[in-house]
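# Survey of secondary and tertiary structure
Listed below are the residues making up each chain.
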Amino acid sequence: MLRRKNKKAGGKSTGGNAEGTLPKIEFKPPIADKQQEQGVLIACRGMPQWPAALQLAAQAIKSRAEQILLDFTAQGVAVRIRVDGIWESLPPMDRPTGDGVLVIFKKLCDLNPNDRRSKQHAVLPVKYKGVDWLFDFVSQGVPTGERVLIRIEPKKPVLTTLADLGMRQKMQEQLRNLLNASGHMFLFSAPPGHGLPTTWRVGLEAADRFVRDFHSIEDVHLNEPELINITKHTFDSAAGETPLTVLKSLLLKQPDVLVLPDLVDGEVCKLMCEEALEEGRSFMTRIHADSAVQALIKLMARFKGSARELVKACNGVLNQRLVRRLCLECRQPFQPSPQLLQKLGIPPGRVQVLYQPTIPPPPEQRVDANGRPLEIEICGKCGGRGYYGRAAIFELLVLNDDIRKAFLNDPRPASVLAVARKHGFLTLQEEAILAVATGMTSLQEIQRVLTPPKK
Ligand SMILES: [Zn+2]
């Protein structure tokens, strides 16, 4: 275990670090001319804020942050990082430090450091401890100053299988069967910010792309990642094109499966339903929604003219939420009371222990009665967050004729859900409790994620 002294870091964050103790981060500016690239690196290293820029990048990667947010105001620069979906504040920078750090990042990204108003965007490759990362950098002037958001992504996707995402074995098999069925539509869904693009990619890669002929049709401006063994076709929405531009000639080649992140318009939707119901082709699409039932209702409402055909073609809908995984190093077992088990719907005797996170008190409370600093063990794995990494909780709605009838007769979530439950459908809430029972996550975490935000 890592031992941290309760000592406030003194002095300014510019840091008087000697070059030797700086984190070994390698930036690879996206500049084709090698000489010019070298010139940029030398200029950046010569700036007094170079150590602060390196430390910010290293701290974010070490904390497994997915984003860095810098807010420049007259008073200073607020620094936040987002770890497993939760924003954390880092010590703010003074303006001279923050301004210098920003100049360094803009130079490394081959952007204009003097422009503090326009939106500027670039991707900066970064290497740290043998791992390649991409810093997706966006800066934009705002009324209070300037705002910078850096998304940090591993260059190689780390989540590659349904099990990596946290899907239980039985559901993986059900999902594969649905994806591999002919003459159907399968729908992926999640609320915004809950990992839909990742599940879309991993889910499609779990389908049988080696036996059947897969083609995707995507807006060229969406910039979707390439999928293995799926032939990609693009249309240009800015030029007024739709999937129809490529779809008609593509259909002449008799593809087995069509993958459309967005059906775009009623004409495309109608054609896709005809291809599924009459020609036995399959197609897959996705939509933002809070539940599997709601996802199909939303799709029906969006394409009213094809609502009946969509329901007829649909064989399944997946929905998900991202939850933080409990840190396996420091999670604490506790014996749930019979009342708690009953409330959760877990039969007595099924689960002996549940787990909760270890969250140390904030630094200002780590003192004894006389105000003397207490030494507190901070978990070296999760850094005292209590959680490490994320997984998805899934609900998978498998449609049958009864459930289809429910969608068509009364397309409201409550009435469709009642019918689906009779056919064994487990909701997100129930799937989440299974994840708590296995110790993957905590009750607090599923409450945080599944409690609807107050409006
Ligand atoms: Zn831990």
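Residues numbered from 1 in each chain as written. Predicted model: local features only at pLDDT ≥ 70, side-chain atom pairs only at ≥ 80, totals over all residues.

Per the secondary structure count, the chain includes 15 helices and 18 strands. Considering only C-alpha atoms, the chain reaches an extent of 70 × 65 × 40 Å along its principal axes. Pairs at least 24 apart in sequence give 64% of the contacts found in the chain among residues at least 6 apart. (Helix = DSSP H or I, 4+ residues; strand = E, 2+ residues; numbered from the N terminus. Contact = placed C-beta atoms within 7 Å.)

On to the nonpolar core. Ranked by internal contacts, the top residues of the largest apolar core, which has 76 residues, are L187, L296, L310 and C314. Excluding residues that lie within four positions of it along the chain, L310 makes contacts with M185, C273, L299, M300 and F303. (Core = buried A, V, L, I, M, F, W, Y, C linked by C-beta atoms within 7 Å. Buried ≥ 20, exposed ≤ 12 C-beta atoms within 10 Å, placed from the backbone.)

Looking now at the sheet that holds strand 12 (residues 257-259). Sheet strands pair via backbone hydrogen bonds, and the direction of the pair is either parallel or antiparallel. Strand order in the open sheet formed by 7 strands is 11-10-12-13-9-14-18, with mixed pairing between adjacent strands. Where the open sheet ends on each side, the last strands, each with one partner, are strand 11 (230-235) and strand 18 (387-398). This sheet shows a mean twist of 25 degrees between the axes of neighbouring strands, independent of strand direction. Examined bridge by bridge, strand 9 (residues 185-190) and strand 14 (residues 314-326) share 5 bridges and lie parallel to one another. Of the residues in strand 14, the one forming a bridge with F188 is L318. Lying over the sheet, helix 7 (residues 244-251) contacts strand 10 (214-219) and strand 11, oriented at roughly 140 degrees with respect to strand 11. (Pairing = 2+ DSSP bridges. Axes fitted to C-alpha atoms, helices over the stretch in contact; angles between N-to-C directions.)

If you walk across this open sheet you meet the 7 strands as 2-6-7-8-3-4-5, and the pairing is antiparallel. Two strands bound the open sheet, and with one partner strand each, they are strand 2 (25-27) and strand 5 (86-93). The average undirected angle you get between the axes of adjacent strands in this sheet is 25 degrees. With 7 bridges connecting them, strand 3 (residues 65-72) and strand 4 (residues 77-83) associate as antiparallel partners.

Glancing now at the packing of helix 9 (residues 292-302) against helix 13 (residues 413-422). Here helix 9 crosses helix 13 at 125 degrees, and the two axes come no closer than 10 Å. In terms of orientation, helix 9 and helix 13 fall into the oblique class. Between helix 9 and helix 13 the crossing geometry is right-handed. Here V293, Q294 and I297 of helix 9 lie close against helix 13, whose contacting residues are P413, V416, L417 and A420. Across the contact of helix 9 with helix 13, the residue classes tally to 6 nonpolar, 1 polar and no charged. (Parallel < 35°, antiparallel > 145°, perpendicular 65-115°, else oblique. Left-handed = near helix turned anticlockwise from the far one by under 90°. Nonpolar A, V, L, I, M, F, W, Y, C, P; charged D, E, K, R; others polar.)

Right, let's talk about unusual backbone geometry for a bit. The residue R64 is not glycine, and still its phi comes out positive at about 60 degrees. Topologically, R64 is positioned in the loop between helix 2 (50-62) and strand 3. Not every positive phi belongs to a glycine, and D110 is a case in point at roughly 65 degrees. The exposure class assigned to D110 is partly exposed, which follows from the 16 C-beta atoms found within 10 Å.

This part is about the domain arrangement of the chain. Bring the parts together and some accessible area is lost; that lost area is often taken as the interface size. When the domains of the chain are assigned, the result is domain 1 (17-154) and domain 2 (162-324 + 390-450). When each unit is reduced to the centre of its C-alpha atoms, the spacing between domain 1 and domain 2 is 37 Å. (Domains from an automatic or database assignment.)

Here we come to the packing of helix 7 against helix 8 (residues 266-279). Viewed as axis vectors pointing N to C, helix 7 and helix 8 meet at an angle of 20 degrees, and their least axial separation amounts to 11 Å. Classified by the interaxial angle, the pair formed by helix 7 and helix 8 is roughly parallel. Handedness of the helix 7/helix 8 crossing: left-handed. Contacts between helix 7 and helix 8 involve L244, L247 and L251 from the first element and E267, V268, L271 and E275 from the second. Across the contact of helix 7 with helix 8, the residue classes tally to 5 nonpolar, no polar and 2 charged.

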